[in-house]
Amino acid sequence: MSPTDPIAADPSGADPSPAGQALLTVRGLSKRFGDNEVLKSIDLTVQPGQIVALIGPSGSGKTTVLRSLNGLEVPDAGIADVAGEVHVDFAASPSRAEINALRDRSAMVFQHFNLFPHKTVLENVIEGPVQVQKRSKVDATADALALLARVGLSDKRDAYPFELSGGQQQRVGIVRALALKPQLLLFDEPTSSLDPELVGDVLDVIRELAGEGWTMLIVTHELQFAKQVADQVVFMDGGRVVEHGHPRDVLVSPQHERTRQFLRRLLDR
Amino acid sequence: MQEPIADLLLRSLLPLIEGAILGTIPLALSSFAIGLVIALGMALMRLSKNRLVSGIARAYISVIRGTPLLVQLFVIFYGLPSIGLVVDPWPSAIIAFSLNVGGYAAEVIRAAILSVPKGQWEAGHTIGMSRGRTLVRIILPQAARVSVPPLSNTFISLVKDTSLASLILVTELFRNAQEIAAFSQEFMALYIEAAVIYWVICLALSSVQGSLEKRLDRYVAH
């Protein structure tokens, strides 16, 4: 998306027609929990290989967007399309199988890691490939070890999660997601529950992945990181996309007062 | 001439141990195994969002826990024949004990399942697992660790409760003790001997529990 994209300042607008097939297209995503309308018609387009940072105050709905794409929440309306191959219309009360088909295109990295405590690092990583994707254990193990080596955790393959630092646990969480070979990586505040000195390690891993062409949707409060890594920043507030566009536009010269307020508050901390 | 107590105790040791090995222990083991299956089913039903399903489980647990085991045993062995269902002593005992364990262990298992953080269900889901597979591979192994101490208590209680089966003519440790006691008129000696054997069995079980807990604790920070 070009920085001069007029859409960047238009909260209701659709994205400009992309050059090729978008990897992810979300239109009109809406969700309410009882009286609380957490998503009010969210539109989102992610091109293959793009890194999209979702920012906004807590309760703005950013996490719910991710969770909806991963089948952890089922929106009330809207569509989600992955690469034109999986298409779910939430208003048409999709079956579990349809939602699972959508889920299988992405993998989630959780704020609180959610590693399986009763399994070793290696077992955590190969659980999905072996149990769900039915890949051979030898094959999945070789892949898993290569991924663990890349995040510097080769020597921890037989450790249990409780034996790892938070930063190490989150790197295992990332490797567990990568091992599924998803088209789309979803990060839900991946560094929010880490001690400050451990944040860097995890961000470095994500930065490296960005360089390798993974398509990622990242909910984050790390604005500096978003500015450096993201191709697109989406600012959400009150269940809506307030503005989106190139990080320079949204983070440096935002068009909307609400965005300015939010950024000011974060910078004042 | 009456034989000395020591000789009587020694001579009755074999029949009592035989009663334990052929009666008490297999009765407890089989009832516990079947009871756990019932309990898991009841725990899952109890957790169901369907109110009828969870209501059935709730009622079952309430009845089992709210009525004496001896009464449950008598209903099955002495009660059912009056509606034309005659059940032999052994099956009667296994049915009664299994149903009983099912009621008590259901609450233990339910609580253990609920003690596993919701994020674990989500993590299972995100790597593509169905609810059933997540339950089996992710949730139950973690719930097992939590439920070992309370389930061990249930099992130890069950071992002692199998003595009630003597009242429906099942040949087990206590029934053998009663028979020898009645014959020799040495009630005190025989019943204490029986008590000691129960105690030894339970001591052994406690140590099994200890090592099981240790094994399952290997992935928890201390």
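Residues numbered from 1 in each chain as written. Chains lettered and ligands numbered in written order. Predicted model: local features only at pLDDT ≥ 70, side-chain atom pairs only at ≥ 80, totals over all residues. Heavy atoms only, no water.

1. Let's talk about the overall build of chain A
Right, on to step 1. Scanning chain A from N- to C-terminus turns up 9 helices and 10 strands.
Right, on to step 2. Against the compact-globule benchmark of 18 Å for 269 residues, chain A has a radius of gyration of 18 Å, which places it among compact chains.
Right, on to step 3. Based on the C-alpha atoms only, the size of chain A along its principal axes is roughly 50 × 45 × 40 Å.
Right, on to step 4. Within the span of chain A, comprising 269 residues, buried residues form 58% of the whole.
Right, on to step 5. Within chain A, contacts between residues separated by at least 24 positions form 64% of all contacts whose residues are at least 6 apart in sequence.
Right, on to step 6. Carbon and sulfur atoms make up 49% of the accessible area of chain A, which amounts to about 10900 Å² in all. (Helix = DSSP H or I, 4+ residues; strand = E, 2+ residues; numbered from the N terminus. Rg over C-alpha atoms; globule rule 2.2 N^0.38 Å. Buried < 20%, exposed > 50% of the residue type's maximum accessible area, 1.4 Å probe, protein only. Contact = heavy atoms within 4.5 Å. Areas by Shrake-Rupley, 256 points an atom, 1.4 Å probe, with all protein chains shown as cover.)

2. Details of the sheet that holds strand 9 (residues 232-237) of chain A
All names here are of chain A.
Right, on to step 1. The 6 strands are arranged 6-7-8-3-9-10 in an open sheet whose pairing can be described as mixed. Two strands in the sheet have a free side with no partner beyond their single neighbour: strand 6 (106-109) and strand 10 (240-245). When strand polarity is set aside, the average angle formed by the axes of neighbouring strands in this sheet is 20°.
Right, on to step 2. As paired strands, strand 7 (residues 184-188) and strand 8 (residues 215-219) are joined by 5 bridges and run parallel to one another. By the bridge assignment, leucine 184 is partnered in strand 8 with threonine 215. (Pairing = 2+ DSSP bridges. Axes fitted to C-alpha atoms, helices over the stretch in contact; angles between N-to-C directions.)

3. So, the nonpolar core
Right, on to step 1. Grouped together as the largest cluster of nonpolar side chains are 129 residues, with contacts concentrated most on Ile174, Phe187, Ile206, Met216 and Leu217 of chain A.
Right, on to step 2. Counting residues per element, this core draws most heavily on helix 4 (residues 89-115) of chain B, at 11 residues.
Right, on to step 3. Excluding anything up to four places from it in sequence, methionine 216 of chain A contacts Gln50, Ile51, Val52, Leu184, Leu185, Phe187, Ile206, Leu209 and Ala210 of chain A.
Right, on to step 4. Grouped together as the second largest cluster of nonpolar side chains are 13 residues, Val242, Val250, Leu251 and Leu263 of chain A included. (Core = buried A, V, L, I, M, F, W, Y, C linked by side-chain atoms within 4.5 Å.)

4. Description of the sheet that holds strand 1 (residues 24-33) of chain A
All names here are of chain A.
Right, on to step 1. Taken in spatial order, the 4 strands of this open sheet run 2-1-4-5, and their pairing is antiparallel. Both edges of this open sheet fall to strand 2 (36-46) and strand 5 (86-89), since each of them pairs with a single strand only. Pairs of neighbouring strands in the sheet enclose a mean axial angle of 15°, with direction left out of account.
Right, on to step 2. In terms of strand pairing, strand 4 (residues 77-82) meets strand 5 through 4 bridges, oriented antiparallel. Residue pairing for strand 5: alanine 80 is matched across the bridge by valine 88.
Right, on to step 3. Lying on the sheet, helix 1 (residues 62-69) is in contact with strand 1, strand 2 and strand 4; it crosses strand 2 at an angle near 65°.
Right, on to step 4. Running over the sheet, helix 2 (residues 96-103) touches strand 4 and strand 5 and is turned about 130° from strand 5.

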